[in-house]
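# A closer look at the structure
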Amino acid sequence: MASVLVSVEAGVETITLNRPEKLNALNPEMHQLLRVGLERAALEPAIRAVLLTGAGRGFCTGQDLAERDVSVGAAPIDLSVSLGSHYNPLVRRMRALPKPIICAVNGVAAGAGANIALACDIVIAARSASFVQAFSKLGLVPDAGGSYFLPRLVGTARAMGLALLAEKLDAEQAAQWGLIWKVVDDARLAEEARALADRLASGPTKGYGLLKKALYARHSLDAQLDLERDLQREAGYSEDYREGVTAFKEKREPRFKGK
Ligand code: LHQ
């Protein structure tokens, strides 16, 4: 079985991290498969939403620590190499994908695994799932976007506590703090995540891509207003805008084509 499974059904590309015996800790092969999966999502118009999840009892525990030789006498490891070649391009690719990415956090999300979840556009978690900024336990700093996402999502005080203490934050608390969108019962996670993905995959895909650009931009109000104007111009030229307005006037549900 591949260490990352990719399947496409009804406009949704599902990417499943699949090394359950290691709680889906990431190795170079997984990064490569993730890259291919996300590139496919970017290129294929038939894919209108991505659903990211993990197999087994973990979502992802970040970098595979077994790959790091830290024995006495071993050469020091330049960790910037794997950030530069794998993690940073992954997070950039996720944020730049002009289609929504839903993350279904099925279990523990630790280290870079937690922050890859936070890089998704909507995160729903099983009640038994948890988030751990495990980095400081290893003497490291939050990476894979963590130092950016955490203070913005939960404020500096909570971000600091999470990063310094590296304690597990349960899914319920994560939702209460605004780190994630919502929590569902374990038995309902797959179904709820799929329903969300289906809903987004039948939405105005072009508009979603533009709204990602707007919400992830970090500008002054002045520059943001200009950006909104430019993105709205583009959104207004879409077929889906016509359909949305027509459906409103005809008092029916819109049938978006994603164009
Ligand atoms: C693992 C891992 C793992 C290998 C569980 N590696 N085997 C990014 C890029 C570039 C540079 C450097 O850093 C980074 C950032 C990072 O992501 S560094 C890694 C950060 N992650 C961690 O520190 C998490 C390490 N894992 C844990 O602390 C525990 O596994 C947690 C608390 C997540 C879960 O604990 P348990 O439920 O008790 O499970 P377990 O520890 O027994 O894990 C099950 C197996 O998975 C076990 O293998 P084994 O062969 O003994 O059954 C673990 O060794 C393995 N595993 N995470 N990251």
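Refer to the structure above for everything that follows.
So, how was this worked out
- Residues numbered from 1 in each chain as written.
- Predicted model: local features only at pLDDT ≥ 70, side-chain atom pairs only at ≥ 80, totals over all residues.
- Heavy atoms only, no water.
- Patch = residues over 30% accessible without salt bridge, like charges linked within 9 Å, V, L, I, M, F, W, Y side chains within 5 Å.
- Areas by Shrake-Rupley, 256 points an atom, 1.4 Å probe, with all protein chains shown as cover.
- Salt bridge = Lys/Arg side-chain N within 4 Å of Asp/Glu carboxyl O.
- Helix = DSSP H or I, 4+ residues; strand = E, 2+ residues; numbered from the N terminus.
- Buried < 20%, exposed > 50% of the residue type's maximum accessible area, 1.4 Å probe, protein only.
- Polar contact = N/O pair within 3.5 Å; in protein donor to acceptor, adjacent residues only side chain to side chain.
- Contact = heavy atoms within 4.5 Å.
- Axes fitted to C-alpha atoms, helices over the stretch in contact; angles between N-to-C directions.
- Parallel < 35°, antiparallel > 145°, perpendicular 65-115°, else oblique.
- Left-handed = near helix turned anticlockwise from the far one by under 90°.
- Pairing = 2+ DSSP bridges.
- Near = heavy atom within 4 Å.
- Nonpolar A, V, L, I, M, F, W, Y, C, P; charged D, E, K, R; others polar.

A contiguous nonpolar patch, built from Leu65, Val70, Ile77, Leu79, Leu138 and Leu140 and spanning about 530 Å² of accessible area, is present on the exposed surface. Relative to the elements of secondary structure, Ile77 occurs in the loop between β4 (58–60) and α2 (79–96).

Tracing the backbone through its elements, the reader meets Asn106 in the loop between β5 (101–105) and β6 (108–110). On the basis of relative accessibility, which here comes to 15%, the residue Asn106 falls in the buried class. There is a polar contact of 2.9 Å between the side chain of Asn106 and the backbone oxygen of Gly54. Here Gly58 takes part through its backbone oxygen, which lies 2.8 Å from a polar atom of the side chain of Asn106. Look past the residues within four positions of Asn106 in its chain and what remains in contact with it is Thr53, Gly54, Ala55, Gly56, Arg57, Gly58, Phe59, Ala126, Ser128, Ala129 and Leu189.

Moving on: the packing of helix α4 (residues 146–154) against helix α5 (residues 156–165). In contact at an axis separation of 7 Å, α4 and α5 are set at 135° when each is read in the N-to-C sense. Between α4 and α5, the interaxial angle falls into the category oblique. Considering the relative orientation of α4 and α5, their crossing is right-handed. On α5, the residues touching Leu150, Pro151 and Val154 of α4 are Thr156, Arg158, Ala159 and Leu162.

The element strand β7 (residues 122–126) is extensively covered by neighbouring structure, given that 4 of its 5 residues are classed as buried. Note: β5 against β7, 4 bridges, orientation parallel. From the neighbouring strand, Cys103 faces β7, where its bridge partner is Val123. Where β7 and strand β10 (residues 182–184) come together, 3 bridges link them in parallel fashion. Counted as the bridge partner of Ala126 is Val184 from β10.

The subject of this paragraph is the site of the ligand. Close to the ligand lie 25 residues; Lys22, Arg57, Thr61, Gln63 and Leu65 are nearest. Here an oxygen atom of the ligand sits 2.6 Å away from a polar atom, N or O, in the side chain of Lys22. Relative to its free-state accessible area of 1,000 Å², the ligand is covered by the protein chains to the extent of 67%. Elements with a contribution of two residues or more to the shell around the ligand: α2 and β6. Residue contributions to the shell around the ligand peak at 4 residues, all from α2. Counted by class, the shell around the ligand contains 14 nonpolar, 5 polar and 6 charged residues.

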